[in-house]
Amino acid sequence: MPLSDSASLRRIFDAIPAPILILDTDYRVLDHNLAAGEILALTEQEAAAVLCGESLGCIHIDRSPAGCGSGEPCATCVLRLSVRRAQAGRSTVRQPTRMLLRRDATQQHQPVDFLVSASPLSHEDETLVLMMLEDVTELTDLRRIIPICAQCGKMRDDDQYWQSVQDYLTRYTQVRFTHGLCPECLHALYPDLYGSTEDSDTLG
């Protein structure tokens with residue numbers, strides 16, 4: 001029986017534009033809203049009480065003989081980890097993930113970027129998890145296109161500020177830099193020193 005069984009609650013549940021799944025401790029889908037029904041790889045009848053990866057058409061279902069939860073990638077599955085953390089911490093968990101899902105009648109797998117939000121939900125003395133899957137694929141793809149100045153090589157961030165490649169990567173990827181000199185620059189800057197370091201790739 002759907003958890004959102006009252007007519008008013010059901011209407012509210014189905015009016016939410018983002019896909020929502022209600023999962024139990026075994027990662028089975030107990031209920032979902034209309035938006036989730038549009039992205040499920042199974043029919044509504046097939047999706048009832050199946051594991052989350054099966055309902056979404058995760059690529060690892062096809063690659064793991066025992067199905068959802070049995071493959072090596074399942075150990076780091078953000079959906080499973082979010083369910084576990086929401087139940088253990090009794091708080092909302094938000095985390096991005098990229099999944100390969102069957103999204104059309106061709107059964108071809110496509111990469112989809114989700115922002116996963118998982119919150120604990122009490123129902124009849126059982127702790128379940130309400131999971132929202134926001135498709136942010138388009139936003140993520142746009143973020144992968146980074147404007148860079150053709151002259152000086154500075155990069156433009158989301159706030160329209162231009163900054164060096166080093167500053168940009170440090171801010172957005174937490175990469176730390178160390179400095180050296182490539183052979184070409186070493187030769188141009190220190191031609192006398194270069195002759196004694198011909199066998200070295202870099203200096204620094």
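Structure first, text after, so check above.
Computed from a prediction, not measured in an experiment: that's the story for all the values here. (Residues numbered from 1 in each chain as written. Predicted model: local features only at pLDDT ≥ 70, side-chain atom pairs only at ≥ 80, totals over all residues. Heavy atoms only, no water.)

1. Observations regarding the overall build of the protein
Phase 1 of the analysis: Within the protein, the regular secondary structure consists of 10 helices and 7 strands.
Phase 2 of the analysis: By residue count, 32% of the 204 residues in the protein fall in the buried class.
Phase 3 of the analysis: Contacts in the protein between residues at least 24 apart in sequence constitute 32% of all its contacts with a sequence separation of at least 6.
Phase 4 of the analysis: Total accessible area on the protein stands at roughly 13,000 Å², and carbon and sulfur atoms take up 53% of it. (Helix = DSSP H or I, 4+ residues; strand = E, 2+ residues; numbered from the N terminus. Buried < 20%, exposed > 50% of the residue type's maximum accessible area, 1.4 Å probe, protein only. Contact = heavy atoms within 4.5 Å. Areas by Shrake-Rupley, 256 points an atom, 1.4 Å probe, with all protein chains shown as cover.)

2. A closer look at the side chain of Ser 82
Phase 1 of the analysis: Relative to the helices and strands, Ser 82 resides in helix 6 (residues 78-89).
Phase 2 of the analysis: Looking at Ser 82, the relative accessible area reads 0%, which means it is buried.
Phase 3 of the analysis: Residues contacting Ser 82, with those up to four places away along its chain left out, are Val 93, Gln 95, Val 116, Ala 118 and Met 131.

3. A short note on the nonpolar core
Nonpolar side chains in soluble globular proteins tend to end up buried together.
Phase 1 of the analysis: Grouped together as the largest cluster of nonpolar side chains are 27 residues, with contacts concentrated most on Leu 79, Phe 114, Met 131 and Leu 133.
Phase 2 of the analysis: Those elements giving two or more residues to this core turn out to be strand 1 (20-23), helix 4 (52-56), helix 6, strand 3 (93-102), strand 4 (109-123) and strand 5 (126-135).
Phase 3 of the analysis: Residues in contact with Met 131, not counting those within four places in the same chain, are Pro 19, Ile 20, Leu 21, Leu 23, Leu 79, Ser 82, Val 83, Val 116, Ser 117 and Ala 118. (Core = buried A, V, L, I, M, F, W, Y, C linked by side-chain atoms within 4.5 Å.)

4. Observations regarding the sheet that holds strand 5
Phase 1 of the analysis: Pairing is antiparallel in the open sheet, where 5 strands are placed in the order 2-1-5-4-3. Both edges of this open sheet fall to strand 2 (29-32) and strand 3, since each of them pairs with a single strand only. For this sheet, the mean angle separating the axes of adjacent strands, direction not counted, is 30 degrees.
Phase 2 of the analysis: Of the strand pairs in this sheet, strand 3 and strand 4 are connected by 10 bridges, and their pairing is antiparallel. Following the sheet pairing, Pro 96 is matched in strand 4 by Leu 115.
Phase 3 of the analysis: Seen against the sheet, helix 1 (residues 7-15) touches strand 1 and strand 2 and runs at an angle of roughly 85 degrees to strand 2.
Phase 4 of the analysis: Packed on one face of the sheet, helix 6 meets strand 1, strand 3, strand 4 and strand 5 and runs near 150 degrees to strand 3. (Pairing = 2+ DSSP bridges. Axes fitted to C-alpha atoms, helices over the stretch in contact; angles between N-to-C directions.)

5. Some thoughts on the environment of Trp 162
Phase 1 of the analysis: For Trp 162, the position within the fold is in strand 7 (residues 162-163).
Phase 2 of the analysis: Sequence-wise, Trp 162 and Pro 147 are 15 residues apart; in three dimensions their C-alpha atoms are separated by 9.3 Å.
Phase 3 of the analysis: Excluding anything up to four places from it in sequence, Trp 162 contacts Pro 147, Ile 148, Cys 149, Lys 154, Met 155 and Arg 156.

6. Quick notes on the pattern of salt bridges
Phase 1 of the analysis: A full pass over the atoms with the stated rule returns 6 salt bridges.
Phase 2 of the analysis: In this structure, the salt-bridge partner of Asp 24 is Arg 28, at a minimum N-O distance of 2.6 Å.
Phase 3 of the analysis: For Arg 98, the salt bridge is made with Asp 113, and the minimal N-O distance between the two is 2.7 Å. With Arg 98 in strand 3 and Asp 113 in strand 4, the pair connects residues that are 15 residues apart, well separated along the chain.
Phase 4 of the analysis: By relative accessible area, which is 6% here, Asp 113 ends up buried.
Phase 5 of the analysis: Counted as one network, the salt bridges with shared partners bring together Arg 10, Asp 14 and Asp 31. (Salt bridge = Lys/Arg side-chain N within 4 Å of Asp/Glu carboxyl O.)

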